Amino acid sequence: MEGHPVNCAQCGYDLTGIGVGQSLAQCPECGATFDPERPLPTRAWPPAWRMGLVLCGGLLFIIACDALGWLATSAGWKEFASVLSEFLSFAWAPAWLGTPILGAHFLSARHAHPSERWMTLLGLSVAGIVVNTVIGFAWLLLRKLLA
């Protein structure tokens, strides 16, 4: 793993070069035991658009369904629009709140350092909910302007 930084799973201290040739070593910062030959795998964060899709994809799907219902109403398909409206009445809250929280959990578990996962989860959840709120209000404003 030469050239790749190795960080402590507990405190995030850079362990590069520490304990080389030993079966187990200790972090000089917090004392946590680690295996220098098998460091924690790190994954690069996805691009911003992909993270946005993970955090806000549920609401974007709900908006697409709402747009479809709006178009169905103007095309005269009232029954289809009514069914879609029932679906949306139950699905908006889980999409608005649940998708950012579940997406933040997925992203933080996969990409954040173990010592920073809960803070990353909290930050991404709040960011996702705020962005969902802005997107939702923008969609409602657009619908009012086009109606």
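Up top is the structure.
Residues numbered from 1 in each chain as written. Predicted model: local features only at pLDDT ≥ 70, side-chain atom pairs only at ≥ 80, totals over all residues. Heavy atoms only, no water.

**Student:** Explain the overall build of the protein to me, please; I cannot follow it from the model alone.
**Tutor:** Scanning the protein from N- to C-terminus turns up three helices and two strands. From first element to last, N terminus to C terminus, the protein shows the α and β order β-β-α-α-α. Projected onto its principal axes, the C-alpha positions of the protein cover 75 × 25 × 20 Å. Summed over all atoms, the accessible surface of the protein reaches about 9900 Å², with 66% contributed by carbon and sulfur. Taking the 8 positively charged and 9 negatively charged side chains of the protein as two groups, their mean positions are separated by 13 Å. (Helix = DSSP H or I, 4+ residues; strand = E, 2+ residues; numbered from the N terminus. Areas by Shrake-Rupley, 256 points an atom, 1.4 Å probe, with all protein chains shown as cover. Lys, Arg positive; Asp, Glu negative; His and termini not counted. Charge placed at Lys NZ, Arg CZ, Asp CG, Glu CD.)

**Student:** So what exactly am I meant to see when it comes to the environment of Gln 26 here?
**Tutor:** Topologically, Gln 26 is positioned in strand β1 (residues 25–26). For the pair Gln 26 and Cys 8, spaced 18 residues apart in the sequence, the C-alpha separation amounts to 9.2 Å. Discounting residues that sit within four places of it in the chain, Gln 26 has contacts with Ile 18, Gly 31, Ala 32, Thr 33 and Phe 34. (Contact = heavy atoms within 4.5 Å.)

**Student:** Is there a simple way to explain the packing of helix α1 (residues 48–75) against helix α3 (residues 117–146) in this structure?
**Tutor:** Angle between the axes and distance between the axes: these two values describe a pair of packed helices. The contact between α1 and α3 brings their axes to 9 Å, and the two run at 20°. With respect to α3, the element α1 is oriented roughly parallel. Of the two elements, α1 crosses α3, and the hand of that crossing is right-handed. The segment α1 lies against α3, with Met 51, Leu 55, Cys 56, Leu 59, Leu 60, Ile 63, Asp 66, Ala 67 and Trp 70 engaging Leu 124, Gly 128, Val 131, Asn 132, Ile 135, Gly 136, Trp 139, Arg 143 and Leu 146. Its residues assigned to classes, the contact of α1 with α3 comprises 13 nonpolar, three polar and two charged. (Axes fitted to C-alpha atoms, helices over the stretch in contact; angles between N-to-C directions. Parallel < 35°, antiparallel > 145°, perpendicular 65-115°, else oblique. Left-handed = near helix turned anticlockwise from the far one by under 90°. Nonpolar A, V, L, I, M, F, W, Y, C, P; charged D, E, K, R; others polar.)

**Student:** Where do I start with a nonpolar patch on the surface in this structure?
**Tutor:** A surface patch of nonpolar side chains, amounting to about 610 Å² of accessible area, comprises Trp 118, Met 119, Leu 122, Val 126, Val 130 and Val 134. The residue Met 119 is located in helix α3 in this model. (Patch = residues over 30% accessible without salt bridge, like charges linked within 9 Å, V, L, I, M, F, W, Y side chains within 5 Å. Salt bridge = Lys/Arg side-chain N within 4 Å of Asp/Glu carboxyl O.)

**Student:** Explain α1 here, please?
**Tutor:** Because each turn of an α-helix spans 3.6 residues, side chains separated by three or four positions in sequence point in the same direction. The largest bend in α1 is about 70°, located at Cys 56. Among the residues of α1, Met 51, Leu 55, Cys 56, Gly 57, Gly 58, Leu 59, Ile 62, Ile 63, Cys 65, Asp 66, Gly 69 and Ala 72 are the ones counted as buried. Those residues of α1 that are buried lie in contact with α2 (78–111) and α3. (Bend = angle between axes of the 7 residues up to and from the residue. Buried < 20%, exposed > 50% of the residue type's maximum accessible area, 1.4 Å probe, protein only.)

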